Amino acid sequence: MNDQRRTRRRGQGELEGLVLSALREARMPASAGWVQERLGGDLAYTTVITILTRLLAKGAVTRERAGRSFVWTPVSDQAGLAAHRMRKVLDGESDREAVLSRFVTSLEPDDERLLRHLLGESGPDGEG
């Protein structure tokens, strides 16, 4: 295959985001084939199925039987999917306090203010 025909390799998170965006555009349950077409057909059908299955395992999509195959519906948007990935990383760490502390201190000032604002609105005691 020559270099002009070779597409750049995309990460799993990017592909998941593209698939979710396509499903949201459908506005109704969509088949994997429809998603593949919507993304321009440069992904193999089996790749689209793999991504949809991973999204199903993450709770980001649902599926229902439609004839001999499935149709897929998004449950989560890209922000929800990113939040899920962040939570998964945090859940895998033994010292949650250290991880959260380092995360907050590494934020840009505007992001830290936003996080503090969000936490103030939805504190554990219901005050905000």
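Residues numbered from 1 in each chain as written. Predicted model: local features only at pLDDT ≥ 70, side-chain atom pairs only at ≥ 80, totals over all residues. Heavy atoms only, no water.

1. Re the overall build of the protein
Next up, step 1: When helices and strands are tallied, the protein shows six helices and three strands.
Next up, step 2: Taken from N to C terminus, the helices and strands of the protein fall in the order α-β-α-α-β-β-α-α-α.
Next up, step 3: The proportion of buried residues among the 128 residues of the protein is 21%.
Next up, step 4: Across the protein, every contact between residues at least 6 apart in sequence was considered, and the portion connecting residues at least 24 apart equals 43%.
Next up, step 5: Working note: accessible area of the protein is about 9400 Å², and carbon and sulfur atoms make up 50% of it. (Helix = DSSP H or I, 4+ residues; strand = E, 2+ residues; numbered from the N terminus. Buried < 20%, exposed > 50% of the residue type's maximum accessible area, 1.4 Å probe, protein only. Contact = heavy atoms within 4.5 Å. Areas by Shrake-Rupley, 256 points an atom, 1.4 Å probe, with all protein chains shown as cover.)

2. Focus on the sheet that holds strand E3 (residues 69-74)
Next up, step 1: The three strands are arranged E1-E3-E2 in an open sheet whose pairing can be described as antiparallel. Pairing within the sheet leaves two strands with one partner each, and these edge strands are strand E1 (30-31) and strand E2 (61-66).
Next up, step 2: Helix H3 (residues 45-57) rests against E2 and E3 of the sheet, and its axis sits at about 120° to E2. (Pairing = 2+ DSSP bridges. Axes fitted to C-alpha atoms, helices over the stretch in contact; angles between N-to-C directions.)

3. Quick notes on the pairing of E3
Next up, step 1: Examined bridge by bridge, E1 and E3 share two bridges and lie antiparallel to one another. In the sheet register, Ala-30 faces E3, and the bridge partner there is Trp-72.
Next up, step 2: The sheet contact formed by E2 and E3 spans six bridges and is antiparallel. Within E3, the position partnered with Arg-63 by the bridge is Trp-72.

4. Comments concerning the packing of aromatic side chains
Next up, step 1: Overall, the coordinates contain one aromatic pair when judged by the stated rule.
Next up, step 2: Stacked on the ring of Phe-70, the Lys or Arg Arg-63 has its end atom at 4.1 Å from the ring centre.
Next up, step 3: Sitting above the plane of the Phe-70 ring, Arg-65 keeps its charged end 4.3 Å from the centroid. (Phe/Tyr/Trp six-rings, centres within 6.5 Å; stacked < 30°, edge-to-face > 60°. Lys NZ or Arg CZ within 6 Å of the ring centre and 35° of its normal.)

5. Considerations on the pattern of salt bridges
Close approach of charged atoms lets side chains of opposite charge pair.
Next up, step 1: Tallied over the full model, the rule gives six salt bridges.
Next up, step 2: The residue Lys-58 makes a salt bridge to Glu-16 at a minimum N-O spacing of 2.9 Å. Of the two residues, Lys-58 sits in the loop between H3 and E2 while Glu-16 sits in helix H1 (residues 12-26), which places them 42 residues apart along the sequence. We note that Lys-58, like Glu-16, is buried.
Next up, step 3: Across the pair Arg-38 and Glu-25 runs a salt bridge, and its minimum N-O distance is 2.6 Å. (Salt bridge = Lys/Arg side-chain N within 4 Å of Asp/Glu carboxyl O.)

6. Examining the layout of surface pockets
Next up, step 1: Roughly 260 Å³ of internal volume is contained in the largest pocket.
Next up, step 2: Taken together, Ala-83, Met-86, Arg-87, Val-89, Leu-90, Val-99, Leu-100, Phe-103, Val-104 and Leu-115 form the lining of the largest pocket.
Next up, step 3: When residues in the lining of the largest pocket are grouped by element, the largest group, five residues, is from helix H4 (residues 78-91).
Next up, step 4: A breakdown of the residues in the lining of the largest pocket according to their chemical character gives nine nonpolar, no polar and one charged. (1 Å grid on protein atoms, 1.4 Å probe; cavity = no way out; pocket = protein on both sides within 12 Å on 5 of 7 lines; lining within 4 Å. Points joined across faces, edges and corners; volume = space filled by probe spheres on them. Nonpolar A, V, L, I, M, F, W, Y, C, P; charged D, E, K, R; others polar.)

7. Brief notes about the packing of H4 against helix H5 (residues 96-106)
Next up, step 1: Closest axis-to-axis distance for the H4/H5 pair is 9 Å, and the angle between their directions is 135°. Viewed along their axes, H4 and H5 adopt a mutual orientation that is oblique. On H5, the residues that touch Met-86, Arg-87, Leu-90 and Asp-91 of H4 are Arg-96, Val-99, Leu-100 and Phe-103.
Next up, step 2: Taken together, the residues of the contact of H4 with H5 break down into five nonpolar, no polar and three charged. (Parallel < 35°, antiparallel > 145°, perpendicular 65-115°, else oblique.)

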